[in-house]
Amino acid sequence: GIAGRQKESMMLAGLLLSIFGPLLLLLPVALLYLVFRKVGIGPRMGLSADNSRLLHLAAAVAPVLGVVLATYLPGRLEFERLCDTLAEPRIHEKVRVDGFFLDDLTANSFGLRYVGEEGFAWFETHDIYKRGQFVRYRKAGDRVVSEPVAALQARHVVKSETDVRGNTIHVSRLSIAERDSGKLLAEAHSVIYHGGPMGIVLGVNGLSSCPDPITPEGSRQFNLYYHLVREVLGRGAP
């Protein structure tokens, strides 16, 4: 439909901007260069034509680069501080259960991996079609089926939430706790920095995340974050 095509167009535009966004920085650089050349700062200083061009280019690049750094660095420093604190998952206790309650907006899509890949027999979650009611997803042969539940049976709750902070920093938290007492069994975080106020211009060059799976330590932390539920409630438990 029209809405679907509009969504696809917006996603494509966002993708192109994330890749080619830095090219937009050439516009203010070119404008400043033309201004400095018209004013003739280099010739007034007695410089040759080549040296004047270099001076005008440097004078045009410097303020643009300064603005980029001034808007990028504060968020980056905050991102590094959060990573030092939150990158390492924390496991306080392990138990072994067949299923759990999943409090996650993507429970009926991404959450299906818990019965499809992570080895759990079932999980319960909110019914996205009936407010205030619940459903259970379980493995039935090669399929995952859902069925309404009158009363929750899960003793543990897995909750996924995202906190949007200043400086375009998003902190996602995955926690596992006892449903009745609230006792925390484990928690893990993912931090993403989108580059600050000019992140849309910096594109992928301004994007940072932790744990960073590129490094050996980051890969270990990321895998533990991704498989935290299995490690704490499933076959990863002792």
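Structure shown above.
The following paragraphs examine the structure supplied in this document. (Residues numbered from 1 in each chain as written. Predicted model: local features only at pLDDT ≥ 70, side-chain atom pairs only at ≥ 80, totals over all residues. Heavy atoms only, no water.)

Focus: the packing of aromatic side chains
- Counted according to the given criterion, the structure contains nine aromatic pairs.
- Arranged with centres 6.2 Å apart and planes meeting at 15°, the rings of Phe100 and Phe123 form a pair that is stacked. Taken together, the positions of Phe100 in strand E2 (residues 99–103) and Phe123 in strand E3 (residues 122–126) put the pair 23 residues apart, joining distant regions of the chain. Of the two residues, Phe100 and Phe123, both sit in the buried class.
- Between Phe123 and Tyr137, the ring centres sit 5.2 Å apart and the planes meet at 25°, which makes this aromatic pair stacked. Placement of Phe123 in strand E3 and of Tyr137 in strand E4 (residues 134–140) is noted, with a sequence separation of 14 residues between them. You'll find Phe123 and Tyr137 in the same group, each marked buried.
- Cluster of aromatic residues (ring-pair linked, three or more members): Phe100, Tyr114, Phe120, Phe123 and Tyr137.
- Positioned over the ring face of Tyr114 is Arg113, at 4.6 Å from the centre of the ring. (Phe/Tyr/Trp six-rings, centres within 6.5 Å; stacked < 30°, edge-to-face > 60°. Helix = DSSP H or I, 4+ residues; strand = E, 2+ residues; numbered from the N terminus. Buried < 20%, exposed > 50% of the residue type's maximum accessible area, 1.4 Å probe, protein only. Lys NZ or Arg CZ within 6 Å of the ring centre and 35° of its normal.)

Thoughts on the pattern of salt bridges
- Under the definition given, this model contains 16 salt bridges.
- Between Arg113 and Glu118 there is a salt bridge, and its shortest N-O distance comes to 3.6 Å. With respect to class, Arg113 is no different from Glu118; both count as buried.
- For Glu161, the salt bridge goes to Arg173, with nearest N and O atoms at 3.3 Å. Note that Glu161 is positioned in strand E6 (residues 156–165) and Arg173 in strand E7 (residues 169–178), a separation of 12 residues in sequence.
- A relative accessible area of 31% places Glu161 in the partly exposed class.
- Residue Arg173 is classed as partly exposed on the basis of its relative accessible area, which comes to 25%.
- Sharing partners across several salt bridges, the network here consists of Lys94, Arg113, Glu118, Arg230 and Glu231. (Salt bridge = Lys/Arg side-chain N within 4 Å of Asp/Glu carboxyl O.)

Re the pairing of E2
- When you tally the buried positions in E2, you get four out of five residues, the bulk of the element.
- Inspection of the sheet shows E2 paired to E6 by three bridges, in the parallel sense. Within E6, the position partnered with Leu102 by the bridge is Val158. (Pairing = 2+ DSSP bridges.)

Here we look at the pairing of strand E8 (residues 184–193)
- Counting buried positions over the 10 residues of E8 gives eight, a clear majority of the element.
- Taking the residues that link successive antiparallel strands as the turn, the E7-E8 hairpin has five residues, and the phi of Gly182 there is positive, at about 80°.
- Strand direction decides the pairing type here: E8 and strand E9 (residues 208–210), joined by three bridges, are antiparallel. Paired with Val191 across the bridge in E9 is Cys210.

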